[in-house]
Amino acid sequence: MAAIAKIPETSLWANRKCLLICAIVAIANMQYGLDSAAIGSLQAMPGFLVVFGYKDSTQATGYAIEGTFQRLIGSLLTLGAFLSSLVAGAFAHFFGRKTALWLACVLNAIACIIQISTTDKVAVYIGRLILGLANGFLVTFSNIYTAEAAPAHLRAVMVALFSEWVNIGSIVGSAVTNATKNRLDKASYQIPLGTLFIVPTFLAIGLSFVPESPRYLLYKGKTEAARESLKKLRGGSLSPEGFELEWVEMVKGIEEEKHAAKTIGPLDMFRGTELRRTLLCYGVIATQTGAGSWFIISYSTYFLIVAGLTVDDAFRFSVINTCLGFIGVNVGMYLMRHVMGRRTVLMTGAAAQGCAMLGMAVSATVAYGTISARNCLIAFTALYQFSYNAFVGDATYPTATELVSTRLRSWSVGSAISLGYFLAWLTGFCSPYFINPEDLNWGAKYAYIWAASNFCCLVFFYLCIPETKGRTLEEIDELFASRVSVRKFKSFKTSIVAEALKDVESRSPGAEKKLATTEHVDEA
């Protein structure tokens, strides 16, 4: 055991100002939850089907929806998000995180107006595409901002606010659609779509009080503005020595990045040690789709009705599952903060989700069409919602955003999220073909595919993902630059904090003693 100096791990309450700022920015992700709940439920809502569907006496609602329209209203959203996430790196390089979020708020409002005011399918398609463009920026830049703004020991909790807001949005969306589901007029779907104005309104106001990312400002050469931004985020939670140590470490990390690479562009993601970081980021984001989450989130209500539940029962279970997901998010945040590392959380989630998917598929195989099979579907869907939100859903963004370097974070995370949206688009476009009675009509047997996918994700997490819990972003940069293996990541001793401390000590003698803590580390 040795006494070393490090940035103090202050409490969540001490960092309440930073937590509030990150929560304001993370509200951007609520839009995804609202939209997923609304669109997933609208497809089973008589009032919506009267306008955009066709009569079908064989269906429980008396109406059915065309497979093409069903695919496009889901897939165009993800296509738009794919496109905007793809250009996120270039946009952020010139305009920053806050400007991107403001632009997303404007696009969001435009998309909502189009969808609410039209009965034309083409106009709906346009509205969905624009909303997707907005959502891509909202998800990408809100997660990048919280990763860069949060202190190292609380980064998982603050970035995981993504899942918190997604589930709050899902609960609100499910509650609203549940209240309007029996209406047969246009208001039955216009009211749920109207909830999509909530996020751009609150976010646009909140951004007026949020500082720009200190790491972004520092990388752009705006040193004083970056220091002032860090003070707003962290100043009240640290001693002067602790604040100075964090600031100097950040400056040194950015300087070393600039020295190591003279250019910033998309091709740099695939050069040198950045290639490993980029591929890991891509892999982690891809496991969100690999877990089967887009299938469950987008089609759960419709899927339950096809399985034989009444409209009322399907909506009721949808709301219950959303609430279970919210509980799971908070359980996962606690586990990441106090119990497990990122890697363990991800592996636990992949195993639990795979078993839940396998349970759905097996029950549909051995007891198809029975009440027992239907009950198993309800139970395993609930278990999946809890498990996904507690583990993989909670840990993917904290892990992906910290695996990549500061200078390339907007490029790497943006393109990774773009890949995630492409995979989600592919899932959304193909899933109806598997579950729709007019096509393959697999029903819950479709979960066999997602069970296998989850077990593949488990292998990926075990072999490839390093443990980054408690590390500053600058320490993670050093670890990758030193080509540290997955097994040694957790215990490897970095030097950047010690170097930063020497600078602080030279300016403020005695700082080292005030910052000294006892910790076990392995030498290189």
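Since the structure is predicted, the reported quantities are computational estimates derived from the model, not experimental observations. (Residues numbered from 1 in each chain as written. Predicted model: local features only at pLDDT ≥ 70, side-chain atom pairs only at ≥ 80, totals over all residues. Heavy atoms only, no water.)

Q: Account for the overall build of the protein chain, naming residues and giving values.
A: Helix and strand counts for the protein chain stand at 24 helices and 4 strands. What you see for the protein chain is a C-alpha radius of gyration of 24 Å, in line with the 24 Å of a compact globule of 524 residues. Expressed as lengths along the three principal axes of its C-alpha atoms, the size of the protein chain is roughly 80 × 45 × 40 Å. Every one of the 524 residues in the protein chain was classed for burial, and the buried ones make up 59%. (Helix = DSSP H or I, 4+ residues; strand = E, 2+ residues; numbered from the N terminus. Rg over C-alpha atoms; globule rule 2.2 N^0.38 Å. Buried < 20%, exposed > 50% of the residue type's maximum accessible area, 1.4 Å probe, protein only.)

Q: Give me the lowdown on the nonpolar core, citing residues and values where you can.
A: Among the nonpolar cores identified, the biggest contains 130 residues, and Phe48, Phe69, Met357, Tyr384 and Phe461 are the most heavily contacted of them. Of all the elements, helix H6 (residues 121-149) adds the most residues to this core, at 12 residues. If near-sequence neighbours (up to four positions away) are discounted, Tyr384 is found in contact with Ala291, Gly292, Ser293, Ile296, Gln353, Ala356, Met357 and Met360. The next biggest cluster of nonpolar side chains, apart from the first, holds 19 residues, and it includes Leu217, Leu238, Phe243 and Val248. (Core = buried A, V, L, I, M, F, W, Y, C linked by side-chain atoms within 4.5 Å. Contact = heavy atoms within 4.5 Å.)

Q: Give me the pattern of salt bridges: which residues, what numbers.
A: In this structure the tally under the stated criterion is 13 salt bridges. Where Asp313 meets Arg316, a salt bridge forms, and the shortest distance between an N and an O atom there is 2.5 Å. One end of the pair is Asp313 and the other is Arg316, both in helix H16 (residues 311-339) and 3 residues apart, which spans about a single turn. By relative accessible area, Asp313 is classed as partly exposed at 26%. Overall, Arg316 belongs to the partly exposed group, its relative accessible area being 45%. When the shortest N-O distance is used, the salt bridge between Glu475 and Arg471 registers 3.5 Å. Given the relative accessible area of 10%, Glu475 is considered buried. Connected via shared salt-bridge partners are Arg97, Glu148 and Arg409. (Salt bridge = Lys/Arg side-chain N within 4 Å of Asp/Glu carboxyl O.)

Q: Give me the lowdown on the environment of Thr322, citing residues and values where you can.
A: For Thr322, the position within the fold is in helix H16. Taking the C-alpha atoms as reference, Thr322 lies 30 Å from Ala88; in sequence the two are 234 residues apart. The contact partners of Thr322, leaving out residues within four places of it in the chain, are Asn167, Ser170, Ile171 and Ser174.

Q: Any details on H6? Residues and values, ideally.
A: Counted at 1.5 Å a residue, the expected span for H6 with its 29 residues is 42 Å, and the 42 Å between its end C-alpha atoms agrees. Taken across its 29 residues, H6 has 24 buried, putting it largely inside the fold. Taking the backbone nitrogen of Val122 as reference, a side-chain oxygen 3.1 Å away marks Asp120 as the first, capping residue of H6. (Expected span 1.5 Å × (residues − 1). Polar contact = N/O pair within 3.5 Å; in protein donor to acceptor, adjacent residues only side chain to side chain.)

Q: How would you sum up the packing of aromatic side chains? Please name residues and give values.
A: This structure, assessed with the given rule, holds 18 aromatic pairs. A ring pair is formed by Phe48 and Phe69, whose centres lie 6.2 Å apart and whose planes are at 25 degrees; its orientation type is stacked. Placement of Phe48 in helix H3 (residues 46-52) and of Phe69 in helix H4 (residues 67-86) is noted, with a sequence separation of 21 residues between them. Summarising the burial analysis for this pair, Phe48 and Phe69 share the class buried. Each ring, one from Phe69 and one from Tyr125, has its centre 5.9 Å from the other, and the planes form 45 degrees; the classification is tilted. Of this pair, Phe69 sits in helix H4 while Tyr125 sits in helix H6, and the two are 56 residues apart along the sequence. In this structure an aromatic cluster arises from ring pairing among Phe48, Phe52, Phe69, Tyr125 and Tyr189. The ring of Trp13 carries Arg16 above its face, with NZ or CZ at 4.3 Å from the centroid. (Phe/Tyr/Trp six-rings, centres within 6.5 Å; stacked < 30°, edge-to-face > 60°. Lys NZ or Arg CZ within 6 Å of the ring centre and 35° of its normal.)

Q: Before we move on, can you summarise unusual backbone geometry with the specific residues and values?
A: Residue Arg483 is not a glycine yet carries a positive backbone phi of 55 degrees. Looking at where Arg483 falls in the secondary structure, it is placed in the loop between helix H22 (473-481) and helix H23 (496-507).

Q: Could you give an account of a nonpolar patch on the surface, with specific residues and numbers?
A: On the surface, Leu358, Val362, Val366, Tyr448 and Phe455 cluster together to form a nonpolar patch covering roughly 410 Å² of accessible area. Of all the secondary structure elements, the ones that give two or more residues to the nonpolar patch are helix H17 (342-366) and helix H21 (447-464). Top contributing element to the nonpolar patch by residue count: H17, with 3 residues. As for its placement among the helices and strands, Phe455 is situated in helix H21. Classification of Phe455 as partly exposed rests on a relative accessible area of 32%. (Patch = residues over 30% accessible without salt bridge, like charges linked within 9 Å, V, L, I, M, F, W, Y side chains within 5 Å. Areas by Shrake-Rupley, 256 points an atom, 1.4 Å probe, with all protein chains shown as cover.)

Q: With reference to specific residues and values, describe the environment of Asp312.
A: Relative to the helices and strands, Asp312 is located in helix H16. Since its relative accessible area comes to 34%, Asp312 is described here as partly exposed. In this structure the C-alpha to C-alpha distance between Asp312 and Tyr189, which are 123 residues apart in sequence, comes to 16 Å. Setting aside residues up to four positions removed in sequence, Asp312 forms contacts with Lys181 and Asn182.

Q: Quick rundown of the packing of helix H5 (residues 88-117) against helix H20 (residues 409-435)? Include the residues and the values.
A: Between H5 and H20, the shortest axis-to-axis distance is 8 Å and the interhelical angle comes to 135 degrees. Taken as axis vectors, H5 and H20 run oblique relative to one another. At the point where H5 passes H20, the crossing takes the right-handed sense. Contact with H5, carried on its side by Ala88, Gly89, Ala90, Ala92 and Arg97, involves Ser410, Trp411 and Gly414 of H20 and no other residues of that element. (Axes fitted to C-alpha atoms, helices over the stretch in contact; angles between N-to-C directions. Parallel < 35°, antiparallel > 145°, perpendicular 65-115°, else oblique. Left-handed = near helix turned anticlockwise from the far one by under 90°.)

Q: I'd like to hear about the side chain of Lys252, residue by residue, with values.
A: Residue placement: Lys252 occurs in helix H13 (residues 240-260). Setting aside residues no more than four positions away along its own chain, Lys252 makes contact with Ile496, Glu499, Ala500 and Asp503.

Q: Can you lay out the packing of H16 against helix H18 (residues 371-390) for me, pointing to particular residues and giving the numbers?
A: Orientation of H16 relative to H18, taken along the N-to-C sense of each, is 30 degrees, at an axis distance of 6 Å. Judged on the interaxial angle alone, H18 and H16 are roughly parallel. The handedness of the crossing between H16 and H18 comes out as right-handed. Here Phe317, Asn321, Leu324, Gly325, Ile327, Gly328, Val329, Val331 and Gly332 of H16 come into contact with H18, specifically with Ile378, Thr381, Ala382, Gln385, Phe386, Asn389 and Ala390. A breakdown of the residues in the contact of H16 with H18 according to their chemical character gives 9 nonpolar, 7 polar and no charged. (Nonpolar A, V, L, I, M, F, W, Y, C, P; charged D, E, K, R; others polar.)

Q: Got a sec to walk through the environment of Glu66? Specific residues and values, please.
A: Relative to the helices and strands, Glu66 resides in the loop between strand E3 (63-64) and H4. Taking relative accessible area as the criterion, Glu66 reaches 41% and is therefore assigned partly exposed. Among residues more than four places away in sequence, those in contact with Glu66 are Tyr54 and Lys121.

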